[in-house]
Amino acid sequence: MTIYTRKHTSQGIPIVPMLDILTILLIFFIVHTEIKRQVAVLPLNLPQATHLAGQQGDPDDILLEVGDDGAIAFNGKELSATALEQAVQELVRTNPAARIQVSAATGASMGRFIEVMDRLSAAGLTVEEVPVRIDINGPED
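Below: a short report on this structure. (Residues numbered from 1 in each chain as written. Predicted model: local features only at pLDDT ≥ 70, side-chain atom pairs only at ≥ 80, totals over all residues. Heavy atoms only, no water.)

### Digging into the overall build of the protein chain
The number of helices and strands found in the protein chain is three helices and five strands. The burial tally for the protein chain puts 25% of its 141 residues in the buried class. Look at the contacts in the protein chain between residues 6 or more apart in sequence, and 72% of them connect residues 24 or more apart. When the accessible surface of the protein chain is totalled, it reaches about 10800 Å², and 56% of it is carbon and sulfur. (Helix = DSSP H or I, 4+ residues; strand = E, 2+ residues; numbered from the N terminus. Buried < 20%, exposed > 50% of the residue type's maximum accessible area, 1.4 Å probe, protein only. Contact = heavy atoms within 4.5 Å. Areas by Shrake-Rupley, 256 points an atom, 1.4 Å probe, with all protein chains shown as cover.)

### Comments concerning the packing of helix α2 (residues 81–94) against helix α3 (residues 110–122)
Close contact between α2 and α3 brings their axes to 8 Å; oriented N to C, the two are set at 35°. Once α2 is placed against α3, the crossing between them reads as right-handed. Seen from α2, the contacting residues are Ala81, Thr82, Leu84, Glu85, Val88 and Gln89; seen from α3, they are Arg112, Glu115, Val116, Arg119, Leu120 and Ala122. For the contact of α2 with α3, the per-class residue count stands at six nonpolar, two polar and four charged. (Axes fitted to C-alpha atoms, helices over the stretch in contact; angles between N-to-C directions. Left-handed = near helix turned anticlockwise from the far one by under 90°. Nonpolar A, V, L, I, M, F, W, Y, C, P; charged D, E, K, R; others polar.)

### Concerning a nonpolar patch on the surface
Residues Ile13, Ile15, Met18, Leu19 and Leu22 make up a contiguous nonpolar surface patch of about 530 Å² in total accessible area. Here Ile15 lies in helix α1 (residues 15–32). A relative accessible area of 48% means that Ile15 is categorised as partly exposed. (Patch = residues over 30% accessible without salt bridge, like charges linked within 9 Å, V, L, I, M, F, W, Y side chains within 5 Å. Salt bridge = Lys/Arg side-chain N within 4 Å of Asp/Glu carboxyl O.)

### Looking at the packing of aromatic side chains
Taken as a whole, this structure holds one aromatic pair when the rule is applied. With centroids separated by 5.4 Å and ring planes inclined at 70°, the aromatic side chains of Phe28 and Phe29 adopt a geometry described as edge-to-face. Phe28 sits in the partly exposed class, given a relative accessible area of 44%. (Phe/Tyr/Trp six-rings, centres within 6.5 Å; stacked < 30°, edge-to-face > 60°.)

Any link to function would need more than the numbers given here.
Here it is in structure tokens:
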């Protein structure tokens, strides 16, 4: 007499444990991802241009702001011109691939803007590669 035993066959790939693992990985990456946003310290009214072509700035760039009153903010902190040079030198030393984006207010003096660009050059940056932020949409009608 032969006893027949049924062989258990797999129903396929178990989906529920895979979904659990996927959910845990998703939560892990959401929690540990650094969300980096540009933080404007100075209230800037950017110069407007209607005929200039431009391109969208990189959100990972570090902001350097020049306000109407000549105040300078770099990477979320207000600094003097000499402290700006030291901060940029430190940034270049620690992260040579970092990019800086300059935003100057409409009322900022050209002399102050040139001084800031000169400090960037003294800190070791190639000024020609530093983008300047303007509003290319122009005035709203």
